[in-house]
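Take a look at the letters that make up each chain.
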Amino acid sequence: MASWQQRAVALARQTWAAMALPFVSLLLALLIGAIVILASEVVVPGRAFDLTLPFTAYAALFQGALGGLDPIVNTVRASTPLVLGGLAVGLAFRAGLFNIGAQGQFLLGALGSVTVGVALKEASPFIAIPAALAAGMLAGAAWGFIPGFLKAVSGAHEVVTTIMLNYVAASVIAWAVSGPLDQPTSPSPITDQVGNAALPVIIGQNGHMGALIALAAVFAVGWLLFRTTRGFEIRTVGANPDAARYAGMQPRLVVVLTMSLAGMLAGLAGATVVLGVTHHMTASFGTTVGFDAIAVALLGRSSPVGIALAALLFGAMRAGAPLMQIQTQSLIPAELVDVLQATILLSLVAHELVRRIFRLQGVKAAVETTDTIGPAYGRRPGIR
Amino acid sequence: MTSGVQTVQAPALEMRGITKGYPGVLANDGIDLDVRPGEIHALLGENGAGKTTLMNILYGLAKPDAGEILLDGSSVEITSPQDAIRQRICMVHQHFMLVPVLSVSDNILLGEEPMAGPIFLDRAGAHRRIRDLAMSFGWEIDPEQRVGSLSVGWQQRVEILKALYRNARILVLDEPTAVLTPQETKEIFSVLRRLRAEGYAIIFISHKLYEVLEIADRITVIRRGKVVGSRTPAATNEEDLAEMMVGREVNLTVDRGASQPGDVVLQIEELRVKDDRGSEAVRGVNLEVRAGEIVGIAGVAGNGQDELVEAIVGLRRPSAGRIRLADHDLTSVGARQRHRLGVGFIPADRHRFGLVLSFPLSDNFILTDYYEAPYARGMIRDEAAIEARAVRGIRDFDVRTPSARVTCGTLSGGNQQKVIVAREFEGEQRLLVLDQPTRGLDVGSIEFIHRQAIAKRDVGTAILLVSAELDEVLELSDRIAVMYRGQIVSVRDGRTADKNEIGILMATGGSQVAGLSTSPVA
């Protein structure tokens, strides 16, 4: 057995192996962002070239995200739906499923919550809030169940079905907020306020309790995946469906269950936004959360803690962007954050290339160095 | 190196003092190896002895820490497979590097497309060259045929053609016979002899001793990264070579006592099973396996063995017939229930059914029992019990691993197989289905698994052994059933069966002994 020093070294090595790629991706994104900023300066005429502008912009971004209580609350608030959405994508990844439908599940969850929230806007918060949250989770779960079910019975690929369902969800929202849920007194399509179903503010000016829900979800998903037999089934089906079948698991059932759970998490993300932030719904509600969630899940490598960290990073960029725009006199628009996020995502997807350029070892390579190969008999050390 | 070999010709290839270290291991430690034109030089060694590393260095896939490679006496640097091919060194890999959906000619031309003009391929000319080349061996091959539809033996010929098409003069064959029937092996040997006569230098990698003795002009044994010695076939024998390989005396034949068959454990009646494409692969099989006996199924791969085995362990639903385990009807029972009734399974494709390579060893040890005590209480996993199970399995079956927490993918094939054996052999199994249990393993691991199987037999487990290695079937089985085109064509006593006769039954089904080959040979 290895001594504790060896274990510590091995742990440090594993942590680095897991963290190196996201870390390098972030640095790369900041670097490319700086190039974009400098290039944009050249294009804009009649202004002195300022080599320090990227630093000014990043400093403002940082300050807007973490410089004080309110920025931090904003960061957490922006991260909350990304954590839940990231879990929805990451959990599905674990089962070998690519849930591109987090966006649709997110919208349906928000719709479920706003429907129940508006209906119970004058009820006691102790009834209204749980009921509205549950409605969001159920609606999201139902929207996740559909592609899971289709895959289980007919093999329809979830990437195709979830993309299609995203369009359907967007249309359902547009119909609902301009039809049955439309508030007649307002000229534009908008729902009524959720009233007492709104999530209470627990910190700062607008730090609602959705963050606690997201935190609980991180632990719940981690526990499910790694401490329960269900989670073992999900991971086994994802890693090797044939072995899962031999082990007596039922891959089809696991697929349906996982997609429903993923939908539930994405639906919960929608619920926290509608009940915690907007308090009502319009047709242009949260158009990117479900897609950012995919990037979050990739950056977090489908591990619950990793997803939480990745969501915080993306949330911080979202929260800091306005201040960056203000402090650079709108020279740098808030959309620079999209460039950063997209670059991170690109370097994650093209990870083989990034690994080669920066000579990063994969997780696998770090373990390959251990001497496990040896003759089957006798007691001598193995030789490769 | 021995210098007393008759040929005086200079070596076509010489590797001198090749040393290559990986963190913690010295994979090659000053290895010298040479091969002359018109010579078959066998490289013999166990899995992990360093054969693959040495060949990877030769093929430009690994960079040696020290040593040099000489071609016709002058030093060369080979840094990529392209370099190797340019130096006319070609490799026929153990797992064929062919694209199944492409045609024979496309596979051969891949990476070296002959052009007619700047844009278009010169297919017609290439087809002609390929056909001529094949015909020179008496092979009638259609360059347009898809490689995926060829038998394994023919795929190998395509690999060889590919090498020859590229003007190879040094051929490296990595365990070429691992997937072949005895007859196909004979055919490939005659090809190799011809290539030798034409002056090719051939390195033949294997761990099958009798084959090496039959085909090689010289045999070099390596162990733990070092050359142990070189012999000519005339000056050595199987026992001697095995001892050189392993470093101690090896029992090449398992000492199995007489079997004491008891009651019928597995009873298969009129079983019919379809394959993935829906055609009937098992066509009315009747078979019995008794407690305390090993029944071996011999057959050329693809004659319904896979489907039969999958039906027995519950991975494939039969279309007709019955499977009984003692007094239980298994026919419509799921894999988990069969496991609980005492059916263990060593799958042929251990990476597919046997293991989850990305999981730690511990999770693989409980793969089939994860849901019940002591590994789970309700829905909650008991990590301590799981770890304890793994530690016990690692100890009892001598799995070579730094801990139970490393992923299975980091273990060698032999150790991976031991994890499966440890999992499936534990407990009071009534039936063990062993499908190619020693495929790709080294002598030591094979010996270990054979002993375990005999031990299980002797405590009254019924064992069904399926193997493409006829020798393995002959060595272990108390009874041998020959499977041909989905049917059991003959059942023989395992002790008196004749290897040649079984080989012919495998190839022809025993109807008429017309030709030995199952493939068209002109």
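Residues numbered from 1 in each chain as written. Chains lettered and ligands numbered in written order. Predicted model: local features only at pLDDT ≥ 70, side-chain atom pairs only at ≥ 80, totals over all residues.

Asks: Outline the overall build of chain A, listing residues and values.
Replies: The helix and strand inventory of chain A stands at 15 helices and two strands. Rg of the C-alpha trace for chain A: 23 Å, near the compact-globule value of 21 Å for 384 residues, within the 12% margin. Projecting the C-alpha coordinates of chain A onto the three principal axes gives extents of approximately 85 × 65 × 35 Å. Counting all 384 residues of chain A, 50% fall into the buried class. Restricting to contacts in chain A with at least 6 residues of sequence separation, those with at least 24 account for 76%. (Helix = DSSP H or I, 4+ residues; strand = E, 2+ residues; numbered from the N terminus. Rg over C-alpha atoms; globule rule 2.2 N^0.38 Å. Buried ≥ 20, exposed ≤ 12 C-beta atoms within 10 Å, placed from the backbone. Contact = placed C-beta atoms within 7 Å.)

Asks: Account for the overall build of chain B, naming residues and giving values.
Replies: On a plain count of helices and strands, chain B comes out with 17 helices and 24 strands. Against the 2.2 N^0.38 benchmark of 24 Å for 522 residues, chain B shows a C-alpha radius of gyration of 24 Å, consistent with a compact globule. Viewed in the frame of its principal axes, chain B has a C-alpha envelope of about 70 × 55 × 50 Å. Sequence-distant contacts, at least 24 apart, represent 69% of the contacts inside chain B between residues at least 6 apart.

Asks: Explain the domain arrangement of chain B residue by residue, including any values.
Replies: All names here are of chain B. Each assigned domain of chain B is listed here: domain 1 (13–246) and domain 2 (264–342 + 428–508). Taking only C-alpha atoms into account, the centre of domain 1 sits 33 Å from that of domain 2. Counting from both sides, the interface comprises 11 residues of domain 1 and, opposite them, 11 residues of domain 2. Secondary structure elements with two or more residues in the side of domain 1 that touches domain 2: helix 6 (182–197) and helix 8 (238–246). By residue number, the principal contributor to the side of domain 1 that touches domain 2 is helix 8, which donates three residues. Looking at the side of domain 1 that touches domain 2 residue by residue, the classes come out as six nonpolar, four polar and one charged. (Domains from an automatic or database assignment. Nonpolar A, V, L, I, M, F, W, Y, C, P; charged D, E, K, R; others polar.)

Asks: Please set out the nonpolar core residue by residue, giving values where relevant.
Replies: By size, the foremost hydrophobic cluster in this structure holds 261 residues, and its most contacted members are A88(A), A132(A), L265(A), L58(B) and L171(B). Residue contributions to this core peak at 16 residues, all from helix 10 (residues 251–278) of chain A. A domain-level breakdown of this core finds at least three residues from each of domain 1 (13–246) and domain 2 (264–342 + 428–508) of chain B. If near-sequence neighbours (up to four positions away) are discounted, L171(B) is found in contact with C90(B), V92(B), A163(B), L195(B), Y200(B) and I202(B). (Core = buried A, V, L, I, M, F, W, Y, C linked by C-beta atoms within 7 Å.)

Asks: Lay out the pairing of strand 12 (residues 226–231) of chain B in plain terms, naming residues and giving numbers.
Replies: Residue and element names in this part refer to chain B. When strand 11 (residues 218–223) meets strand 12, the two strands line up antiparallel, connected through five bridges. Counted as the bridge partner of R223 is K226 from strand 12. Counting the residues in the hairpin turn of strand 11 and strand 12 gives two residues, including R224, whose phi is positive at 50 degrees. (Pairing = 2+ DSSP bridges.)

Asks: So, the sheet that holds strand 22 (residues 462–467) of chain B: which residues are in play, and what are the values?
Replies: Residue and element names in this part refer to chain B. An order of 18-21-22-15-23-24 is seen for the six strands of this open sheet, with the pairing classed as mixed. Two strands close off the open sheet at either side, each with one partner strand: strand 18 (343–346) and strand 24 (487–493). Each adjacent strand pair in this sheet contributes to an overall mean axis angle of 20 degrees, direction not counted. Direction of pairing for strand 21 (residues 431–435) relative to strand 22: parallel, over a ladder of five bridges. Across the sheet, residue D435 finds its bridge partner in strand 22, namely V466. Its contacts with the sheet place helix 14 (residues 413–425) against strand 18 and strand 21, and it is angled at close to 170 degrees to strand 18. Against the sheet, helix 15 (residues 443–458) engages strand 15 (294–298), strand 21 and strand 22, with an angle of about 150 degrees to strand 22. (Axes fitted to C-alpha atoms, helices over the stretch in contact; angles between N-to-C directions.)

Asks: Go over helix 4 (residues 123–135) of chain B with me, naming the residues and quoting the values.
Replies: All names here are of chain B. The end-to-end C-alpha distance of helix 4 is 18 Å, a good match for the 18 Å that 13 residues give at a rise of 1.5 Å each. Along helix 4, the residues that are buried comprise A126, I130 and A134. In a view along the axis of helix 4, the buried residues occupy a sector of 65 degrees, so they form one face of it. Those residues of helix 4 that are exposed and angled more than 90 degrees off the buried face are A124, G125, R128, D132 and M135. Those residues of helix 4 that are buried are in contact with helix 3 (104–109) and helix 5 (152–165). (Expected span 1.5 Å × (residues − 1). Arc of directions from axis to C-beta.)

Asks: Now, about the packing of helix 3 (residues 69–94) of chain A against helix 11 (residues 289–299) of chain A: what can you tell me, with residues and values included?
Replies: Two quantities define a packed helix pair, namely the angle between the helix axes and the distance between the axes. All names here are of chain A. In the contact formed by helix 3 and helix 11, the axes pass within 7 Å of each other and the chain directions differ by 60 degrees. If you check the angle between helix 3 and helix 11, you find them oblique. Read as a crossing pair, helix 3 and helix 11 show a hand that is right-handed. Within the contact between the two elements, helix 3 uses P81, L82, G85, G86, A88, V89, G90 and F93 and helix 11 uses V289, G290, D292, A293, I294, V296 and A297. (Parallel < 35°, antiparallel > 145°, perpendicular 65-115°, else oblique. Left-handed = near helix turned anticlockwise from the far one by under 90°.)

Asks: Can you explain the packing of helix 4 (residues 102–119) of chain A against helix 10 of chain A? Please cite residues and give values.
Replies: Residue and element names in this part refer to chain A. The N-to-C vectors of helix 4 and helix 10 enclose an angle of 50 degrees; their axes lie 6 Å apart at closest approach. Overall, the two elements helix 4 and helix 10 adopt an arrangement that is oblique. Note on packing geometry: the crossing formed by helix 4 with helix 10 is right-handed. Along its contact with helix 4, which presents A102, Q105, F106, L107, L108, G109, A110, G112, S113, V114 and G117, the element helix 10 presents G263, A266, G267, L268, A269, G270, A271, V273, V274 and L275. Among the residues making up the contact of helix 4 with helix 10, the classes are represented as 13 nonpolar, eight polar and no charged.

Asks: Report on the environment of I268(B), specifying residues and quantitative values.
Replies: Along the chain, the position of I268(B) falls in strand 13 (residues 264–274). I268(B) has contacts with V285(B), N286(B), L287(B) and I323(B), leaving out every residue within four places of it along the chain.

Asks: Give me the lowdown on the sheet that holds strand 5 (residues 74–76) of chain B, citing residues and values where you can.
Replies: Strand pairing in a sheet is mediated by backbone hydrogen bonds. Such pairs are either parallel or antiparallel. Residue and element names in this part refer to chain B. Spatial ordering of the open sheet is given by 2-1-4-5, a layout of four strands whose pairing is antiparallel. Both outer strands of the open sheet, strand 2 (25–35) and strand 5, are each paired with one neighbouring strand and no more. Here the average twist between neighbouring strands, direction ignored, is 30 degrees. Bridge analysis of strand 1 (residues 13–22) against strand 4 (residues 66–71) gives five bridges, and the strand direction is antiparallel. Note on strand 4: the bridge partner recorded for L13 is L71.

Asks: So what's going on with helix 8 (residues 229–239) of chain A? Which residues, and what values?
Replies: An α-helical turn contains 3.6 residues, so a residue and the one three or four places further along point in the same direction. Burial analysis of helix 8 of chain A places eight of its 11 residues in the buried class, which makes it a mostly covered element. Residues of helix 8 of chain A that are buried include every one of G231(A), F232(A), E233(A), I234(A), R235(A), T236(A), V237(A) and G238(A), and no others. Residues of helix 8 of chain A that are buried sit in contact with helix 3, helix 7 (210–227), helix 9 (241–246) and helix 10 of chain A together with strand 20 (380–381) of chain B.

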